[in-house]
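The lines below spell out each chain.
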Amino acid sequence: MGLIGVLLFFVLLPAEIAWALALGLVRLQSAWSLRRRTMIAALTAGFVPVALPIFVVAAENTGSETSVAIAALVFTGLVVAALIGLPVALYVSRSLEPKR
């Protein structure tokens with residue numbers, strides 16, 4: 001059951017966030033470049049799932065362990081953004097981009 005929760009939280013949630021945000025940015029900010037829209041959607045999708053754990057670790061712990069834990073969570077957010085958010089956002093942005 002724990003593996004299903006991790007799958008839902010770190011794979012499906014960022015993919016859905018990247019898809020929705022890329023869709024919204026294509027429709028609302030069509031003047032922005034493809035790279036800008038894709039990076040905003042991917043980074044947001046990567047950091048939304050780790051934002052709450054970062055705040056919890058920062059609030060509960062003090063000392064050198066806190067900085068290591070926060071750095072690990074930021075790295076996890078970057079990996080999720082690169083592996084899950086970027087392909088989804090790029091696919092949606094390219095498929096919905098108006099032809100020039």
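Here, the structure is the one placed above.
A brief look at the structure comes next.

What counts and how
- Residues numbered from 1 in each chain as written.
- Predicted model: local features only at pLDDT ≥ 70, side-chain atom pairs only at ≥ 80, totals over all residues.
- Heavy atoms only, no water.
- Helix = DSSP H or I, 4+ residues; strand = E, 2+ residues; numbered from the N terminus.
- Buried < 20%, exposed > 50% of the residue type's maximum accessible area, 1.4 Å probe, protein only.
- Contact = heavy atoms within 4.5 Å.
- Axes fitted to C-alpha atoms, helices over the stretch in contact; angles between N-to-C directions.
- Parallel < 35°, antiparallel > 145°, perpendicular 65-115°, else oblique.
- Left-handed = near helix turned anticlockwise from the far one by under 90°.
- Nonpolar A, V, L, I, M, F, W, Y, C, P; charged D, E, K, R; others polar.

## Side note on the environment of leucine 28
Step number 1: Residue position: leucine 28 is located in helix 1 (residues 2–28).
Step number 2: Classification of leucine 28 by relative accessible area gives exposed; the value is 70%.
Step number 3: In sequence terms leucine 28 and leucine 96 are 68 residues apart; their C-alpha atoms lie 12 Å from each other.

## Structural notes on the side chain of threonine 38
Step number 1: Tracing the sequence through the fold places threonine 38 in helix 2 (residues 34–60).
Step number 2: Every residue in contact with threonine 38, bar those within four places of it in the chain, is listed here: Leu86, Ala89, Leu90 and Ser93.

## Observations regarding the packing of helix 1 against helix 3 (residues 64–96)
Step number 1: As a packed pair, helix 1 and helix 3 sit with axes 8 Å apart at the nearest point and diverge in direction by 40°. The pairing of helix 1 with helix 3 is recorded here as oblique in orientation. Between helix 1 and helix 3 lies a crossing of right-handed hand. Side by side, helix 1 and helix 3 meet where Phe10, Val11, Pro14, Ala15, Ala18, Trp19, Ala22, Leu23, Val26 and Arg27 of the first sit next to Thr76, Val80, Ile84, Gly85, Val88, Ala89, Val92, Ser93 and Leu96 of the second.
Step number 2: Its residues assigned to classes, the contact of helix 1 with helix 3 comprises 15 nonpolar, three polar and one charged.

This is a description of form; function is not addressed.
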